[in-house]
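Structural features, examined
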Amino acid sequence: MKRNVMMAGLVLVSAFVSQAAMADAGADLAKAKNCLACHAVATKLVGPAYKDVAAKYAGQKDAEAKLVTKVLKGGSGAWGAIPMPANPQVNEAEAKTLVKWVLAQK
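Residues numbered from 1 in each chain as written. Predicted model: local features only at pLDDT ≥ 70, side-chain atom pairs only at ≥ 80, totals over all residues. Heavy atoms only, no water.

**Side note on the overall build of the protein**
The following threshold applies: Put simply, DSSP marks the helices as runs of H or I at least four residues long and the strands as runs of E at least two long, and each gets a number from the N terminus on. When accessible area is computed with a 1.4 Å probe and restricted to protein chains, residues below 20% of their type maximum are described as buried, those above 50% as exposed, and intermediate ones as partly exposed. The contact definition used throughout considers only heavy atoms, calling two residues in contact when any of these lie within 4.5 Å. Surface accessibility follows the Shrake-Rupley procedure with a 1.4 Å probe radius. Residue values consider only the protein chains on display as shielding.
Regarding its fold elements, the protein presents four helices and zero strands. Mapped in sequence order, the helices and strands of the protein form the string α-α-α-α. For the protein, the residues scored as buried account for 26% of the 106 residues in total. Across the protein, contacts joining residues at least 24 apart in sequence account for 49% of those joining residues at least 6 apart. Approximately 7,000 Å² of the protein is accessible, and the part contributed by carbon and sulfur atoms is 64%.

Have a look at this one:
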């Protein structure tokens, strides 16, 4: 019983550490890849706030794939007249990390 409690505790701690690492990696990438020139977590700048993106795509099964494509190739019309340019400085793995971080914003 004691071992099961310890294992459950380790799993819980591991989940929190993983979430924190993802948050740091996403925030760091957003800074490094100049995403924050057009976006902010809580307020609209040129593009939508990340919390608004997370709310719009919450519960959509294809949201991550759809947003990774938008990060890589750009897009237009989803948030108004100003298009989001393609981001050739971001590779697919980085785009996935960024999108997971954006979708985790509340």
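**Overview of the packing of helix α2 (residues 50–57) against helix α4 (residues 92–103)**
The cut-off we apply is this: Fitted lines through C-alpha atoms give the axes, limited to the stretch in contact for helices. The angle between two N-to-C directions lies from 0 to 180 degrees. If an angle is under 35 degrees, it is roughly parallel; if it is over 145, roughly antiparallel; if it lies from 65 to 115, roughly perpendicular; otherwise it is oblique. Classification convention: Asp, Glu, Lys, Arg as charged; Ala, Val, Leu, Ile, Met, Phe, Trp, Tyr, Cys, Pro as nonpolar; all other residues, Gly among them, as polar.
Interaxial distance between α2 and α4 falls to 8 Å at its minimum, and their mutual angle equals 85°. On the basis of their axis angle, the class for α2 and α4 is roughly perpendicular. Touching Y50, V53, A54 and Y57 of α2 are W101, V102 and L103, all from α4. Per-class residue counts for the contact of α2 with α4 are seven nonpolar, no polar and no charged.

**Remarks on the pattern of salt bridges**
Note the threshold: Note on definitions: salt bridges are taken to be side-chain nitrogens of Lys or Arg within 4 Å of carboxyl oxygens of Asp or Glu.
Going through the model one piece at a time under the given rule, you end up with four salt bridges. The salt bridge involving E94 is made with K33; its shortest N-O contact spans 3.4 Å. Here K33 lies in the loop between α1 (2–32) and α2 and E94 lies in helix α4, a separation of 61 residues in the sequence. What makes K33 buried here is its relative accessible area of 16%. Between K66 and D62 there is a salt bridge, with its nearest N and O atoms 3.8 Å apart. Overall, D62 belongs to the partly exposed group, its relative accessible area being 43%.

**Things to note about the state of the cysteines**
Stated formally: Any two cysteine sulfur atoms within 2.5 Å of one another count as a disulfide.
Scanning the model with the defined rule gives zero disulfides in all. Free of any disulfide, C35 has its nearest neighbouring cysteine sulfur in C38, separated by 8.8 Å. For C38, a relative accessible area of 32% gives the class partly exposed.

**Focus on the packing of aromatic side chains**
Spelled out, the test is: Any pair of Phe, Tyr and Trp rings, taking the six-membered ring for Trp, is counted once the centres come within 6.5 Å. Such a pair is stacked with planes under 30 degrees apart, edge-to-face with planes over 60 apart, and tilted for the rest.
Under the counting rule described, the total for this entry stands at one aromatic pair. Measuring from ring centre to ring centre gives 5.3 Å for Y50 and W101, while their planes differ by 70°; the resulting arrangement is edge-to-face. With a gap of 51 residues between them, Y50 in helix α2 and W101 in helix α4 connect regions that are remote in the sequence. Residue class for W101 comes out buried when judged on its relative accessible area of 7%.

**Focus on the environment of V68**
By secondary structure assignment, the location of V68 is in helix α3 (residues 63–73). A relative accessible area of 7% places V68 in the buried class. Those residues within four positions of V68 in sequence are excluded, and the remaining contacts are E92, A95, K96 and V99.

These figures capture arrangement, not role.
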